[in-house]
Amino acid sequence: MLRKKITLKLQAKFLIGDSLIILISLIFIVFAFKTFWFFETGSVVQVNFQGKTYGNFSLFQNKKINLIGKEGESIIEIKEGRARFKSAPCKNQYCVQQGWIHLTGQILICIPNEVSIEILGKSKAYDSLNY
Amino acid sequence: MRFIKFFLIVFTLCFLQSCSQTSLYQSKHYIFGTVLDISIYGESDKKAEEATQVVLKEFTRLHNSLHAWKKSDLTDLNESIAKKKSYRNASAELIEIIKEARLLEDASHHLFNPAIGELIDYWGFHQDEFNPIHPDQSKIKVLVERYPSLDQVLISGSTISSTNPHVKIDLGGYAKGYALDRASKILRDHHIKNALINIGGNIIAIGQHGNKPWRVGIQDPRGSQAIAKLDLLDGWAIGTSGDYQRYFMSDGIRYCHVIDPFTGFPVQGVYSVTVLIEPAQNAGTLSDVLSKPLFIGKREARQAIAEKLNIRHYLIIEDKAISATQSMADRIQFLDVHAQKKNHLEITG
């Protein structure tokens, strides 16, 4: 009789030790989320159009993005983990000539048509580029 | 139940804390014929956005006052000079800029010369998008031998005139840096403690990025990525002149926008010159201006130029050669090991 009572008590009572275990587990979960849950380095390209983020696109797809800006049509191509300006309406064509980019932090800018593409990743090597 | 409530609170706080950690506001605007990138750390988006808008307004004002070929106060002044007339009611700011630029022109022994607008125009760089030209030696000789210099500009009160009608002021190597100083002042006046401002590649740092300094990459002049990186501490500025920024190819020769005032031709053989400027009221301006004399000057004169202009940290990338001062080499970290091995880093000064 007495024994049964104790067991019941143990099942029902929530001890400080239990709370500590749960607390530590939760902290571990939060820590794990923050540490391990991020995009694979250089897996996303961010397209900026006319000063605003147009969208983030996975590099692991074949896609063409057509943007009509002030100068005309810019075509961005995503293929096999890389991105580039396939064509641009400007005269100098710097952005097209620079070719493909795939490393985190790489950026191509088309000033006349106000389009830029930048490879995003968690471990960005730097905050801004001096050019 | 008490415990469960307690857990929920702790759990939420953990996530909130992880949100606040990434409070980085970033904006990108196309202005001044280039790109303005502002990163602000540790402020509310609202406050950061407000300050950014003030910076943008200021840039529009500078665009209208200092543009070298679209109608501006500066083009009006150039028109007056060409007509041998006095330009009246010049703004105190424009006068201050001309005086400051003149000091830098003299100190650089005219390697930095903002009066050679006629030459820059001849090469076709006074357009947003330019066409390749076939240079005419005799025409260039004529333009060089007009010897324009800011020394010929006379300022009396708010009136500006010039003894040489061929002075055509182009602040191409000055205005972006000046704008950087203005932007930095505006953000500091808005009590923003941590920001990184990038105007067309020239960068100035305020505070730092969380518990780390702001980190900037230096563009590889022949690649599409950074060749090196360095920490940009509070108040420091960095600027690069490169032959890859504005250029055209004609008969297989690269003609870049940096023109030697003594030959009248674009500089050849130098890929890029990067200068790192210590905190100063005009650090942004200096980061724009001081790369030019090193870019244009002769190889053997560089050390003397750097000494004269007090440039302590610089990096020069040329065909098969990378050179830097010791203090610059100590600060930068090359990203591509191959680049470092292939090109012997030569320590100068």
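Position labels on residues start from 1 in each chain and follow its written sequence. Whichever chain is written first becomes A and whichever ligand is written first becomes 1, with later ones labelled in order. Restriction of local features to residues with pLDDT of at least 70 applies here, the model being predicted, together with a cutoff of 80 or more for giving and counting side-chain atom pairs; totals for whole chains, interfaces and linings are based on all residues.

Enquirer: Is there a simple way to explain the overall build of chain A in this structure?
Expert: Note on conventions: DSSP H or I runs of at least 4 residues are helices, E runs of at least 2 residues are strands, and numbering of each starts at the N terminus. When helices and strands are counted, chain A shows three helices and eight strands. What you see in chain A, going N to C, is helices and strands ordered as α-α-β-β-β-β-β-α-β-β-β. Looking at chain A as a whole, 28% of its 131 residues qualify as buried. A residue pair is marked as a contact if its C-beta atoms, positioned from the backbone, fall within 7 Å. Counting only contacts in chain A whose residues sit at least 6 apart along the sequence, the fraction spanning at least 24 positions is 33%. Labels follow a simple rule on C-beta atoms placed from the backbone: if 20 or more others lie within 10 Å of a residue's own, it is buried; if 12 or fewer, it is exposed; otherwise it is partly exposed.

Enquirer: In this structure, what is going on with the overall build of chain B? I would like to understand it.
Expert: Within chain B one finds 12 helices and 16 strands. C-alpha atoms define the radius of gyration in this analysis, and the globule rule sets the expected value at 2.2 Å times the number of residues to the power 0.38. Against the compact-globule benchmark of 20 Å for 349 residues, chain B has a radius of gyration of 23 Å, which places it among compact chains. With the C-alpha coordinates aligned to their principal axes, the bounding extent of chain B is approximately 90 × 55 × 35 Å. Counting over 349 residues, chain B shows a buried share of 44%. Put simply, of all contacts in chain B between residues at least 6 apart along the chain, 60% involve residues at least 24 apart.

Enquirer: Can you help me understand the interface of chain B and chain A in this one?
Expert: Interface size is often expressed as the accessible area that is lost when the parts come together. If you look at the interface, chain B gives 37 residues, while chain A gives 32 residues. Among the elements of the structure, α1 (2–21), β1 (24–31), β2 (34–41), β5 (195–199), β7 (214–219), β8 (226–232) and β9 (237–242) of chain B are those that each provide at least two residues to the side of chain B that touches chain A. A total of seven residues in the side of chain B that touches chain A trace back to one element, the largest contributor, which is α1 of chain B. By residue class, the composition of the side of chain B that touches chain A is 16 nonpolar, 15 polar and six charged. Pairing between strands is defined by DSSP: at least two bridges between them are needed. Pairing geometry for strand β8 (residues 128–130) of chain A and β7 of chain B, over three bridges, is parallel. Across the sheet, L129 of chain A pairs through a bridge with G217 of chain B, a residue of β7 of chain B. For this scheme, ten residues count as nonpolar: Ala, Val, Leu, Ile, Met, Phe, Trp, Tyr, Cys and Pro. Four count as charged, namely Asp, Glu, Lys and Arg, and the remainder, Gly too, count as polar.

Enquirer: Would you mind going over helix α4 (residues 92–107) of chain B with me for this structure?
Expert: Spacing of three or four residues puts side chains on the same side of an α-helix, whose turn is 3.6 residues. All names here are of chain B. The span one expects for a helix is its residue count, reduced by one, times 1.5 Å. In this model, α4 (16 residues) spans 23 Å end to end at C-alpha, consistent with the 22 Å of a helix rising 1.5 Å per residue. Those residues of α4 not exposed but buried are L94, I97, I98, A101, L104 and E105. Buried residues along α4 cover an arc of 130° about the axis, so they all sit on one side. Opposite the buried face of α4, at more than 90 degrees from it, the exposed residues are A92, E96, K99 and L103. Once α4 finishes, H109 follows within two positions and takes phi at roughly 50°, a positive value. Relevant arc is that of directions from the helix axis to the C-beta atoms, nothing else.

Enquirer: Whenever I open this one, unusual backbone geometry confuses me. Can you help?
Expert: Where the residue is not glycine, phi is negative for most of them; where a peptide bond is considered, it is trans in most cases. Positioned with a positive phi, E114 of chain A is a non-glycine residue whose angle comes to about 55°. Mapped onto the elements, E114 of chain A comes out in the loop between β6 (107–110) and β7 (115–120). Even without being glycine, D251 of chain B reaches a positive phi, approximately 50°. Considering the arrangement of structural elements, one finds D251 of chain B in the loop between β10 (247–250) and β11 (253–256). With 7 C-beta atoms counted inside 10 Å, the residue D251 of chain B sits in the exposed group.

Enquirer: Looking at this structure, how should I read the sheet that holds strand β5 (residues 82–87) of chain A?
Expert: Strand pairing within a sheet occurs via backbone hydrogen bonds; the two strands may be parallel or antiparallel. Residue and element names in this part refer to chain A. Read from one edge to the other, the open sheet built from three strands follows the order β3-β4-β5, with strand pairing classed as antiparallel. Both outer strands of the open sheet, β3 (63–68) and β5, are each paired with one neighbouring strand and no more. Geometrically, the sheet is characterised by an average inter-axis angle of 25° between neighbouring strands, direction not taken into account. Sheet topology note: the β3/strand β4 (residues 73–79) ladder contains six bridges and is antiparallel. From the neighbouring strand, I68 faces β4, where its bridge partner is E73. Fitting a line to C-alpha atoms yields each axis, with helices limited to the stretch in contact; the angle taken between N-to-C directions then spans 0 to 180 degrees.

Enquirer: Explanation requested: the sheet that holds β5 of chain B in the structure shown.
Expert: Residue and element names in this part refer to chain B. Strand order in the open sheet made by the nine strands is β1-β2-β5-β6-β9-β12-β13-β14-β16, with mixed pairing throughout. Single-partner strands in this sheet number two, and they are β1 and β16 (345–348). Ignoring strand direction, the axes of neighbouring strands in this sheet form an average angle of 15°. In this sheet, β2 lies alongside β1 in antiparallel orientation, the contact comprising eight bridges.

Enquirer: It is not clear to me how the pairing of strand β13 (residues 313–318) of chain B should be interpreted in this structure. Could you clarify?
Expert: On any regular strand, side chains alternate: one points to one face of the sheet, the next to the other face. Residue and element names in this part refer to chain B. When you tally the buried positions in β13, you get five out of six residues, the bulk of the element. Across six bridges, the pairing between strand β12 (residues 270–277) and β13 is antiparallel. Across the sheet, residue T274 finds its bridge partner in β13, namely L315. Examined bridge by bridge, β13 and strand β14 (residues 321–325) share four bridges and lie antiparallel to one another. Pairing of I316 across the sheet is with S323, part of β14. Here β13 hands over to β14 after two residues, with K320 in that stretch at a positive phi of 65°.

Enquirer: What am I meant to see in the packing of helix α2 (residues 45–66) of chain B against helix α7 (residues 175–189) of chain B here?
Expert: The angle between the axes and the distance between the axes are what describe a pair of packed helices. All names here are of chain B. In the contact formed by α2 and α7, the axes pass within 10 Å of each other and the chain directions differ by 150°. The orientation of α2 relative to α7 falls into the category roughly antiparallel. Read as a crossing pair, α2 and α7 show a hand that is right-handed. Contacts from A51, V54, V55, E58, F59, L62 and L66 in α2 reach A175, A179, R182, A183, I186 and L187 in α7. Under this scheme an angle from 65 to 115 degrees is roughly perpendicular, one under 35 degrees roughly parallel, and one over 145 degrees roughly antiparallel; angles in between are oblique. In this scheme the handedness of a crossing depends on how the near helix is turned from the far one: anticlockwise by less than a right angle means left-handed, clockwise means right-handed.

Enquirer: Help me understand the confidence of the model for chain B in this model?
Expert: Note: predicted coordinates in regions of low pLDDT should not be interpreted at a detailed level. Note: pLDDT gives the predictor's confidence per residue, expressed from 0 to 100. Taken as a whole, chain B shows an average pLDDT of 91; of its residues, 91% reach a score of 70 or greater. Model confidence for the complex: the whole-complex pTM is 0.80, and ipTM, which rates the interface, is 0.79.

Enquirer: Please explain the nonpolar core as it appears in this structure.
Expert: Buried together is how nonpolar side chains tend to be arranged in soluble globular proteins. The biggest cluster of nonpolar side chains holds 116 residues, and the ones touching the most others in it are A195, I197, I203 and Y314 of chain B. Apart from residues lying up to four places away in sequence, A195 of chain B is in contact with I38, S39, I40, Y41, L187, I206 and G207 of chain B. Here, a nonpolar core means buried Ala, Val, Leu, Ile, Met, Phe, Trp, Tyr and Cys residues linked by C-beta atoms lying within 7 Å of one another.

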